[in-house]
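If you want the building blocks of each chain, they are given just below.
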Amino acid sequence: MLENTWGLLGSEFLSNSRRTRTLGLGAAVRLFNDLAVPGLGGVWYGKQLLLATLGVAVAERARNKGAKVQNIEVANAIEALACWLAFRENNWKSDPRLRGNTKLQGKDDDFSFARVRQRNFYVTQPMRMATVQALPALGLADADGARFNAFRCTDAGTVFIEEACRAYRPYNRSVIDHLVQWVLGQDRRADTDALRNALSPLTSLSTDTLPLLSERLFQGGIEESEDKLRRRNALAWVEGVRQKPDKNGWDAKPQCIDERHWHDLVAGAKLFSTRDAAIAVLDALEAHIGNKTQGMSHSLHTAVPDTLLPLFTSLQTAAQAFLDTKHADENATAFCRECAKDDASAVLRSLVVRDGHVLRLVGELVKPGPAFRGSALTNIEAGGNGEDLPVTKGIPLPEGISYRMRNLYLLNLDLHGDLNQWLNPIADGVKQ
């Protein structure tokens, strides 16, 4: 039954996850992202929603025909098939909408569901995981809880699938009927232009499907009315930014965003800035310890290294900026109060205690933890945002804003047929 856990944190992911410095802010970060754009999860283009909804619908129909399959493995298998077909079409070029370049190469001989469903066939972190919140929030799936395996396709989800796949008839069947046959093992064929065009993340949703997706973003599913309103207002904002990409800073609130929403967006950005500044301090301390020729530690009784002092100033400034918003979130407030202290050693103590994996506190000594490297790291390795995609760079939204707002900007580009131009500005002759 290993395949039923495919898409959870597999063993090969644990070594990387140990590098992540959450600093005890996981709940606060999730809160501010949810407050920014409720119900979006990690979705940033339309095909993510289609592939995941297809996975739920196909699994449900296959079970009705006697197959012992769960939503996760079917959705992951369909996503793997979609990426394989897309990679074969684009000669295995990397694209942020695709995963599994290395995993999927050389597997052309057998793409039957029986093989693709195997746990190690595709990536450990499929794109489906970014849709777990979005499918029920947008009304594409019903759910008794937060588990993807418990999702059921709604009528709106079925209409979404049918419209998106209407033009494609693999082997003279509907896309969903052929995928059910594929899952049942009654038709192993998968390499067809019709299926590629229907599933490929590189192929945009049809123009007739985009209004349905827009409606889902507006109407949503079973949510609080304020959540729906915030998502609608956020969508209106990014549409305005798409039309007029200049002058979108923190100095002026957009008319379509209400005061409470704006306050949450501003406070969230300041919390994220404080978190990143704290990580920079820890990263620099790790490098300082790693550069020592002996005694791989730092005593809190000694002076803070000179190289850390400017970073402490930035951290204190960022923390105070969050505190000045007077936001009600207690976790974020407690963290920023710790970071705003004048005593640098006290701040270091708090940060190392919150870290515990890369650096750890033994008495009054800061020592290497199990994930210590002692060298300069990338932002994600060092525990930075991690949610961001490379394609979000250059999006004309205020600095530090929740990654969900940037993802919504990209999703809105997709709704207007402009995402390919954004991702490939040179090929399409468009300057970002």
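Refer to the structure printed above.
Residues numbered from 1 in each chain as written. Predicted model: local features only at pLDDT ≥ 70, side-chain atom pairs only at ≥ 80, totals over all residues. Heavy atoms only, no water.

J.: How should I be thinking about the sheet that holds strand E3 (residues 298-299) in this particular structure?
T.: Strand pairing in a sheet is mediated by backbone hydrogen bonds. Such pairs are either parallel or antiparallel. With respect to topology, three strands assemble into an open sheet ordered E3-E5-E4, the strand pairing being antiparallel. The outermost strands of the open sheet, each flanked by one partner alone, are E3 and strand E4 (359-362). Each of E3, E4 and strand E5 (365-368) is contacted by helix H13 (residues 259-290), which is oriented at about 75° to E4, the strand it contacts most. (Pairing = 2+ DSSP bridges. Helix = DSSP H or I, 4+ residues; strand = E, 2+ residues; numbered from the N terminus. Contact = heavy atoms within 4.5 Å. Axes fitted to C-alpha atoms, helices over the stretch in contact; angles between N-to-C directions.)

J.: Explain helix H12 (residues 225-243) here, please?
T.: What sets the pattern is the α-helix's 3.6 residues per turn: residues three or four places apart point alike. With 19 residues, H12 extends 27 Å between its outermost C-alpha atoms, agreeing within 8% with the 27 Å of an ideal straight helix rising 1.5 Å per residue. Listed in full, the buried residues belonging to H12 are Lys228, Arg230, Arg231, Asn233, Ala234, Leu235, Trp237, Val238, Glu239 and Val241. Those residues of H12 hidden inside the fold are in contact with helix H2 (26-36), helix H7 (134-137), helix H11 (210-219), H13 and helix H17 (403-415). (Expected span 1.5 Å × (residues − 1). Buried < 20%, exposed > 50% of the residue type's maximum accessible area, 1.4 Å probe, protein only.)

J.: Would you mind going over unusual backbone geometry with me for this structure?
T.: In this structure, Trp92 takes a positive phi of about 65° despite not being glycine. Counting through the fold element by element, Trp92 comes out in the loop between helix H4 (71-89) and helix H5 (101-104). Phi is positive for Lys326, close to 55°, though the residue is something other than glycine. Among the structural elements, Lys326 can be located in the loop between helix H14 (309-325) and helix H15 (330-339).

J.: Which parts of the structure should I look at to understand the packing of H11 against H17?
T.: For any two helices packed against each other, one specifies the crossing angle of their axes together with the interaxial distance. Following both chains from N to C, one finds H11 and H17 inclined at 150°, their axes separated by 10 Å at the closest point. Residues Leu210, Leu213, Ser214 and Leu217 of H11 pack against Leu411, Asp414 and Leu415 of H17. Looking at the contact of H11 with H17 residue by residue, the classes come out as five nonpolar, one polar and one charged. (Nonpolar A, V, L, I, M, F, W, Y, C, P; charged D, E, K, R; others polar.)

J.: What is the right way to read the state of the cysteines from this model?
T.: Between two cysteines, a covalent bond joining their sulfur atoms is known as a disulfide. Under the counting rule described, the total for this entry stands at zero disulfides. Unpaired in this structure, Cys153 has its nearest cysteine sulfur neighbour in Cys165, at a distance of 11 Å. A disulfide-free cysteine, Cys336 has its sulfur positioned 6.1 Å from the sulfur of Cys339, the nearest such atom. The buried category is assigned to Cys336, whose relative accessible area is 0%. (Disulfide = S-S within 2.5 Å.)

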